[in-house]
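So the chains spell out like this:
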Amino acid sequence: MERTLAASMPMAARSQDPDIDLVERYFAGETKAFDEIMIRYERQIYRVCYRFVENREDAMDLAQDVFVKAFEHLPTFRRESSLKTWLYRIAINHCLNHVKKHSQEFVEVTEYTGSIRSSVQAEMEHQEQRQRFRKLVKQLPPKQKAILELRINEDLSYEEIARISGRSISTIKASVFFALEKLRKLIKDPTV
Amino acid sequence: MFGHLKAKDFVNLIEGIGHPAARHHSHLESCARCRATWKAVESLHAQVSSLNNDIPEPEWEQFRSSVRDRLLSRSIQRETAVRRWTGWAIRPAMAWALSFLFVAGLTVLTVVWNGSKAVRQSNSSETPVIEPVSETTIEAGPERGLFDELMQLGDDEQQQLRQMLETSQKGSRQQ
């Protein structure tokens, strides 16, 4: 996708940061720039949101909120970090706030999916194990979980995660390790 | 020989990043506790990454148009809110009322100002007139008039006047 976008850009614009170029084109009123920013980041932001709510509709709502917020506050984007880092930071903060607000609802949803899972149990043992594991991952503290998923599943570098969360690289590495350690304990005793 | 591995050392070992030192590997060989932790955490790392493909994707075109619609509706809401506060100024009834108040205020001010001006004029007509003082009296004084008269005297008269003055001066000295 990014390759397609790069190919559609004029030669002069390619020399600088394509994200900054997109932002400037958006401010200049070019409606195509909006679509290009969306195409570039919609999947990544949606996936981050999905990892917090594990539900397609809620993840879509959250991701849309993130983009609405981002486009409304785009004039305040100071270009000190990359657009990607900025968007991820908005997404993580928005999702953490959402989780905080709806923590009670999540417990109910988890219990509900648990009962569904018991009916699926007979069909696929492997699938059930994965579901169970995902449920354990969901039990991790939200910030720890976010860092773990950004690193392992979204393949963001430690530098990028450090910039998004405003912490040091060593702290991020430690968070990943402690998240995995916590998972180990949860597997042994899910009530921990 | 060395202390146990730290959290970031485990991560570096699992992900093969930051060139884990040889001493970390040698420590793993000698320390059963760290080796057990490393194995457990490594397998969990692999399990977490296997969850990656479970995410159902939405219809992206629809997703984009929803974002566009929400942005549009929010900008309309903002404009409406602004108009709610500033709109009163451009409503016709309010414009008429403001114009009327402006004209009425201007009329009252004019009437009050004219009234106070008339009162001031009537007061000034009752005050007594002061006679102007002649300019020559103020400027020259009585000495200048006497000097002018002396200058106009003839030579004989001047001589007589000088003699009179000298006799009067002598008389005053003798006294």
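In this report, we go over the structure that sits alongside the text. All values reported here derive from a predicted model rather than from experimental measurement.

### Side note on the overall build of chain A
Thought 1: When its secondary structure is counted, chain A shows 11 helices and 0 strands.
Thought 2: The order of α-helices and β-strands along chain A, N terminus first, is α-α-α-α-α-α-α-α-α-α-α.
Thought 3: The 192 residues of chain A split such that 27% are buried.
Thought 4: Looking at chain A alone, contacts between residues at least 24 apart form 59% of all its contacts between residues at least 6 apart.

### Section: the overall build of chain B
Thought 1: Secondary structure summary: chain B contains 7 helices and 0 strands in total.
Thought 2: In sequence order, the secondary structure elements of chain B are arranged as α-α-α-α-α-α-α.

### Some words on helix H11 (residues 169–188) of chain A
Thought 1: End to end, H11(A) covers 29 Å across 20 residues, agreeing with the expected 28 Å (1.5 Å per residue, within 8%).
Thought 2: Among the structural elements, helix H8 (125–138), helix H9 (142–152) and helix H10 (158–165) of chain A together with helix H1 (7–15) and helix H3 (32–50) of chain B are those in contact with the buried residues of H11(A).

### Topic: the interface of chain B and chain A
Thought 1: Listed per partner, the contact involves 24 residues of chain B and 29 residues of chain A.
Thought 2: Sorting the residues of the side of chain B that touches chain A by element identifies H1, H3 and helix H4 (60–86) of chain B as the ones contributing at least two each.
Thought 3: No other element matches H4(B), which puts 8 residues into the side of chain B that touches chain A.

### Looking at the environment of A:Ile92
Thought 1: Note that A:Ile92 resides in helix H6 (residues 83–101).
Thought 2: Residue A:Ile92 is classed as buried on the basis of its 23 C-beta neighbours within 10 Å.

### Digging into the environment of A:Leu148
Thought 1: Counting through the fold element by element, A:Leu148 comes out in helix H9.
Thought 2: Linking A:Leu148 and A:Ala179, residues 31 residues apart in sequence, is a C-alpha distance of 6.8 Å.
Thought 3: Discounting chain neighbours no more than four positions away, the residues touching A:Leu148 are A:Leu140, A:Val176, A:Ala179 and B:Val48.

### Regarding the nonpolar core
Thought 1: The biggest cluster of nonpolar side chains holds 49 residues, and the ones touching the most others in it are A:Ile45, A:Cys49 and A:Ala91.
Thought 2: Mapped onto this core, the elements with two or more residues apiece are helix H4 (31–53), helix H5 (56–72), H6, H9, H10 and H11 of chain A together with H1 and H3 of chain B.
Thought 3: Counting residues per element, this core draws most heavily on H4(A), at 9 residues.

### Here we look at the packing of H10(A) against H11(A)
Two measures define how a pair of helices packs: the angle their axes make with one another and the distance between the axes.
All names here are of chain A.
Thought 1: Direction vectors running N to C along H10 and H11 enclose 100°, while the axes themselves pass 9 Å from each other. In terms of axis orientation, H10 runs roughly perpendicular to H11. Across the interface between the two elements, Tyr 158, Glu 159, Ile 161, Ala 162 and Ser 165 from H10 touch Ile 169, Ile 172 and Lys 173 from H11.
Thought 2: Of the residues in the contact of H10 with H11, the class split is 5 nonpolar, 1 polar and 2 charged.

What counts as what
- Residues numbered from 1 in each chain as written.
- Chains lettered and ligands numbered in written order.
- Predicted model: local features only at pLDDT ≥ 70, side-chain atom pairs only at ≥ 80, totals over all residues.
- Helix = DSSP H or I, 4+ residues; strand = E, 2+ residues; numbered from the N terminus.
- Buried ≥ 20, exposed ≤ 12 C-beta atoms within 10 Å, placed from the backbone.
- Contact = placed C-beta atoms within 7 Å.
- Expected span 1.5 Å × (residues − 1).
- Core = buried A, V, L, I, M, F, W, Y, C linked by C-beta atoms within 7 Å.
- Axes fitted to C-alpha atoms, helices over the stretch in contact; angles between N-to-C directions.
- Parallel < 35°, antiparallel > 145°, perpendicular 65-115°, else oblique.
- Nonpolar A, V, L, I, M, F, W, Y, C, P; charged D, E, K, R; others polar.

The values reported here are purely geometric and, on their own, carry no functional implication.
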